[in-house]
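# A structural walkthrough
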Amino acid sequence: MELDFGTYDLHAPLPAMYLARQQWEAPRLEDVAGEVQRQLADSGLLSKLRPGQQIAITAGSRGISSIAVVLRAVVDAVRATGAAPFLVPAMGSHGGGTAPGQVALLAELGVTEASMAAPIRATMDVVPLGRLPDGPDLFMDAYAAAADGIIVVNRIKPHSDFHGPIESGLSKMTVIGLGKRHGADAIHRYGAPGLRTLLAPAAQAIAAARPILAGVGIVENGQGGVAEIAVLPPAAFGGAEETRLLADARRLLPGLPFDDLDVLVIDQIGKNFSGAGMDTTVIGRILVPGQEENPRPRITAIVALDVSPESHGNAAGLGMADVTTRRLVGKMDFHAFYLNGI
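A brief look at the structure comes next. (Residues numbered from 1 in each chain as written. Predicted model: local features only at pLDDT ≥ 70, side-chain atom pairs only at ≥ 80, totals over all residues. Heavy atoms only, no water.)

## Concerning the overall build of the chain
Which entries qualify depends on this criterion: Put simply, DSSP H or I for four residues or longer makes a helix, DSSP E for two residues or longer makes a strand, and each gets a number counted from the N terminus. Both definitions apply: the radius of gyration is a C-alpha atom measure, and the globule rule equals 2.2 Å times residues to the power 0.38. Only protein chains enter the accessibility calculation, which uses a 1.4 Å probe; a residue is then buried when its area is under 20% of its type maximum, exposed when over 50%, and partly exposed in between. Contacts are assigned to residue pairs that have any heavy atoms within 4.5 Å of one another. For the purpose of counting charges, residues Lys and Arg are taken to be positive, whereas Asp and Glu are taken to be negative. His and the chain ends are not included. A charge is said to be at NZ when it belongs to Lys, at CZ for Arg, at CG for Asp and at CD for Glu.
Each helix and strand counted, the chain has 12 helices and 10 strands in total. The C-alpha atoms of the chain give a radius of gyration of 21 Å, which matches the 20 Å a tight globule of 342 residues would have. Oriented by its inertia axes, the alpha-carbon framework of the chain measures out at about 75 × 40 × 40 Å. Here the chain holds 342 residues, and 50% of them are scored as buried. Long-range contacts, defined here as pairs at least 24 residues apart, represent 70% of the contacts in the chain between residues at least 6 apart. Computed over 28 positive and 35 negative side-chain charges, the inter-centroid distance for the chain is 4 Å.

Structure (structure tokens):
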């Protein structure tokens, strides 16, 4: 039934409003590409590569600051050794769970074969890598699994669904990103407690089964710039150094300057902002079984007005809002939304 909202008196007195501006620490690398290449050289990784080797480099679906610059720097550094770099979409089930959809997502981030000067090899086929004891089956993208070496590239940041010693980062990209839909399905069946405890051992098991050479971790500042680049050996995935980088990212994370709010109005939710559509560390809600809620801020009502064009109708996280608009619902792609949610 269509409602005629003209018959309703929607007027309500509004409180006085003021413009507030926040300031926070925002260290920034001025030469991101140069720092990536310096870190790769200092790690000793490049000296181990040989001419003609096929080296897979992961490319995820998030709007990470300078991601095209970082990936191109890795490609150039690998090619300078005589090895043959290529990129693989490493984004679990994103992009509608299809190879063309994942390539299209990369193009929106500025990651194309032309901009990278390297091929992009996309497939949803995976190679099974056994099973973690008392844990999930493990998988890897078929192209990456056949490569002579793999370099994992990802942002290190707090996760939107769970908290632990490691959250979003190199381990998650190894297990879920490179695992494609099979890997994402397998570990998400264990819920938030499983993500908290299984990501690190799963990443180590995968690194033992396939030649993961290194990880390039990106830490952002609160304004969306690159604050830090770190190259880690695979043995450090899920260890103290990835935990330290997560602590740095958490310290630089922006947030609301209030502990209690009656109403928060969000102009747009979207996958390009957070995997949960709206950053749970900012809004103080997680609503995931097995994970405690964030202690602050405490918000009575959240209003979501729209979904970003970059999300292509995937309104993941909408359930954390209390009120939304017909406009937002009309833009939803329920296939992508349900696939991501399930």
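## Concerning the nonpolar core
Test applied: The set of buried Ala, Val, Leu, Ile, Met, Phe, Trp, Tyr and Cys residues whose side-chain atoms join them within 4.5 Å is what this entry labels a nonpolar core.
Core analysis: the biggest nonpolar cluster contains 43 residues, and Met 140, Ile 150, Val 152, Val 175, Leu 178 and Ile 212 have the highest contact counts within it. With nine residues, the single largest contributor to this core is helix α8 (residues 191-209). If we skip the residues at most four places from it in the chain, Ile 150 touches Ala 56, Met 140, Ala 144, Leu 178, Arg 210, Pro 211, Ile 212, Leu 213 and Ala 214. Counting 35 residues, the second-largest nonpolar core is a separate cluster that includes Ala 77, Leu 105, Leu 106 and Ile 120.

## Thoughts on the layout of surface pockets
Let me state the cut-off plainly: Think of a 1 Å grid over the protein atoms and nothing else: a 1.4 Å probe that fits but is trapped marks a cavity, an open set flanked by protein within 12 Å on at least five of seven lines marks a pocket, and residues with an atom within 4 Å of a point count as lining. Grid points are joined across faces, edges and corners, and a volume is the space filled by probe spheres set on the points. Under the grouping applied here, Gly and all other residues not named as nonpolar or charged are polar, the nonpolar ones being Ala, Val, Leu, Ile, Met, Phe, Trp, Tyr, Cys and Pro and the charged ones Asp, Glu, Lys and Arg.
Here the largest pocket defines a volume of roughly 1,100 Å³. As for the largest pocket, its lining consists of 46 residues, of which Asp 161, His 188, Lys 271, Gly 275 and Asn 340 are closest to the centre. Residues that form the lining of the largest pocket fall into these classes: 20 nonpolar, 18 polar and eight charged. Here the second largest pocket defines a volume of roughly 870 Å³. Lining of the second largest pocket is provided by 31 residues; of these, Pro 254, Phe 273, Met 278, Asp 279 and Val 282 occupy positions nearest its centre. Each residue belonging to the lining of the second largest pocket can be placed in one class, and the counts come to 15 nonpolar, 11 polar and five charged.

## Let's talk about the packing of helix α1 (residues 32-43) against helix α2 (residues 67-79)
Quick reminder of the rule: Comment: axis = line fitted to C-alpha atoms, over the contacting stretch for helices; angle = value between 0 and 180 degrees taken between N-to-C directions. Put simply, angles under 35 degrees are roughly parallel, angles over 145 are roughly antiparallel, angles from 65 to 115 are roughly perpendicular, and the rest are oblique. Crossing handedness: left-handed means the near helix sits turned counterclockwise from the far one by under a right angle, and right-handed means the same turn made clockwise.
Packing of α1 against α2 leaves a shortest axis separation of 9 Å and a crossing angle of 40°. The angle between α1 and α2 places the two elements in the oblique class. α1 and α2 meet at a crossing whose hand is right-handed. Of the residues in α2, those touching α1 at Val 32, Ala 33, Val 36, Gln 37 and Leu 40 are Val 69, Val 70, Ala 73, Val 74, Asp 76 and Ala 77.

## Here we look at the pairing of strand β9 (residues 298-304)
Two faces belong to every sheet, and in a regular strand the side chains alternate between them. Keep this limit in mind: Note on pairing: DSSP must find at least two bridges between two strands before they are called paired.
When strand β8 (residues 260-266) meets β9, the two strands line up parallel, connected through six bridges. Counted as the bridge partner of Val 263 is Ala 301 from β9. When β9 meets strand β10 (residues 323-324), the two strands line up parallel, connected through two bridges. Opposite Val 303, over in β10, you have Val 323 as the bridge partner.

## As for the sheet that holds strand β5 (residues 149-155)
In spatial order, the strands read β2-β1-β5-β6-β7; together these five strands make up an open sheet with mixed pairing. Both outer strands of the open sheet, β2 (84-89) and β7 (226-232), are each paired with one neighbouring strand and no more. Neighbour-to-neighbour, the strand axes of this sheet turn through a mean angle of 20°, independent of strand direction.

## Points about the sheet that holds β10
Ordered in space as β8-β9-β10, the three strands form an open sheet in which the pairing is parallel. Strands with a single pairing partner mark the edges of an open sheet, and in this sheet they are β8 and β10.

## Description of the side chain of Lys 271
Here is the rule we go by: Pairs of N or O atoms within 3.5 Å make up the polar contacts considered here, provided that, within protein, one atom can donate a hydrogen while the other can accept it, and that residues adjacent in sequence are counted only when both atoms are side-chain atoms.
Residue position: Lys 271 is located in the loop between β8 and α10 (280-283). At 2.8 Å, the side chain of Lys 271 and the backbone oxygen of Gly 275 are in polar contact. Here Lys 271 is in contact with Arg 62, His 94, Ser 311, Asn 314, Ala 316 and Asn 340, once residues within four sequence places are set aside.

## Thoughts on the pattern of salt bridges
Note the threshold: Here, a salt bridge means any side-chain nitrogen of Lys or Arg that lies within 4 Å of a carboxyl oxygen of Asp or Glu.
Counted under the stated rule, the structure contains 19 salt bridges. For the salt bridge of Arg 251 with Asp 248, the shortest nitrogen-to-oxygen distance reads 3.9 Å. Within this pair, Arg 251 and its partner Asp 248 are both found in helix α9 (residues 240-252), separated by three residues, close to a single helical turn. The structure contains a network of salt bridges with shared partners spanning Glu 25, Glu 228, Glu 241, Arg 244, Asp 248 and Arg 251.

## Looking at a nonpolar patch on the surface
Applied cut-off: Every patch collects residues that have over 30% relative accessible area and no salt bridge, joining them within 9 Å if they carry like charges and within 5 Å if they are nonpolar side chains (Val, Leu, Ile, Met, Phe, Trp, Tyr). Here, Shrake-Rupley sampling with a 1.4 Å probe gives the accessible areas, and only protein chains in the shown set may cover a residue.
On the surface, a nonpolar cluster with roughly 450 Å² of combined accessible area is contributed by Val 329, Phe 334, Tyr 338 and Ile 342. Residue position: Tyr 338 is located in helix α12 (residues 334-341).

## Topic: α1
Cut-off, in case you're wondering: Helices are assigned an expected span. That span is 1.5 Å times one less than the residue count. Throughout, the arc means the angular range of directions from the helix axis out to the C-beta atoms.
For α1, with 12 residues, the first-to-last C-alpha span of 17 Å sits near the 16 Å given by 1.5 Å per residue. Within the span of α1, buried status applies to Val 32, Glu 35, Val 36, Gln 39 and Leu 40. Projected down its long axis, α1 carries its buried residues within an arc of 135°, all on one side. Contacts made by the buried residues of α1 are with α2, β6 (212-220) and β7. Its side-chain oxygen at 2.9 Å from the backbone nitrogen of Gly 34, Asp 31 defines the N-terminal cap of α1. One or two steps after α1, the chain reaches Gly 44, where phi turns positive at roughly 85°.

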